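Each chain, letter by letter, is given below.
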Amino acid sequence: MKHIFEVGSDPAAPVLLLLHGTGGTERDLIGIAKHIDATASILSVRGNVLENGMPRFFRRLAEGVFDIEDLKFRTAELKDFIDEAAVQYGFDRSKVIAIGYSNGANIAASLLFHYEDALLGASLHHPMVPLRDINLPDLTGKNVFIAAGDNDPICVPQETEELTSLLQGAGANVELIWEQHGHQLTRSELEKAKQWYEHNFK
Ligand code: MLT
């Protein structure tokens, strides 16, 4: 997959896996990652699917209607890519924390829904429930941060609550925060994500 890897100054720090929103690129979240942890290594990936020229991490049939077969295939593809990148760049595979926005948050959530050990933790910004009718793996003790907008037309509050309870039901420690905004990333949610990260991983 097209990506950027930047080795961090602290070899003991987590590796931040950056997953952009629809129409984004692997460059979008680099500044945010550096704000959250300037010492961490960064693995930032571009989604392999194109929708009218816009990169995404999996196909959708319509706004909010996901192509579940493609989502499953792309989730496995991303997991394999992280495994291979860990070998290629020599980072600790067990220390990967996803930071995902929108479509990138949705594939990060799908990694959590499919694999016990794909991620050490995840900061999900405006995620949806990636898929239903799946038994989640044991996520006991896994730290997940969710930032949602109480006026988000793409991800309605009820869906955020559903995602939170599915993850909690699998044992994850979920910190959910609400912004009085829509689908956009806000400065205040990034500050809260940084606090969550420092509290749990520093
Ligand atoms: C998705 O398709 O993953 C969600 O609708 C979010 C987005 O617009 O990318």
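To be clear, the structure that these remarks concern was listed above.
Structural notes, computed from the coordinates.

What counts, and at which threshold
Residues numbered from 1 in each chain as written. Predicted model: local features only at pLDDT ≥ 70, side-chain atom pairs only at ≥ 80, totals over all residues. Heavy atoms only, no water. Salt bridge = Lys/Arg side-chain N within 4 Å of Asp/Glu carboxyl O. Helix = DSSP H or I, 4+ residues; strand = E, 2+ residues; numbered from the N terminus. Buried < 20%, exposed > 50% of the residue type's maximum accessible area, 1.4 Å probe, protein only. Expected span 1.5 Å × (residues − 1).

### Topic: the pattern of salt bridges
Once their charged atoms are close, side chains differing in charge can pair, the charge on each being opposite to the other.
Working step 1: Enumeration over the complete set of coordinates arrives at 16 salt bridges.
Working step 2: With a shortest N-O distance of 3.3 Å, Asp 37 and Lys 202 are connected by a salt bridge. You can see Asp 37 sitting in the loop between α1 (30-36) and β3 (41-45) and its partner Lys 202 sitting in the segment after α5 (187-201), a full 165 residues away along the chain.
Working step 3: Residue Lys 202 is classed as exposed on the basis of its relative accessible area of 56%.
Working step 4: Residue Asp 70 pairs with Arg 74 through a salt bridge whose shortest N-O separation is 3.2 Å.

### Here we look at helix α3 (residues 103-114)
Working step 1: Between the first and last C-alpha of α3 there are 17 Å, a value that for 12 residues agrees with the 16 Å anticipated at 1.5 Å per step.
Working step 2: Within α3, 11 of the 12 residues are buried, which leaves it mostly tucked inside the rest of the structure.
Working step 3: Among all positions of α3, only Asn 103, Gly 104, Ala 105, Asn 106, Ile 107, Ala 108, Ala 109, Ser 110, Leu 111, Leu 112 and Phe 113 are buried.

### Quick notes on unusual backbone geometry
Working step 1: Phi at Ser 102 takes a positive value of approximately 60°, unusual for a residue other than glycine.
Working step 2: Position of Ser 102 among the secondary structure elements: in the loop between β8 (96-101) and α3.
Working step 3: The residue Asp 133 is not glycine, and still its phi comes out positive at about 60°.
Working step 4: Checked against the element boundaries, Asp 133 lands in the loop between β9 (121-125) and β10 (143-149).

By themselves these figures say nothing about function.
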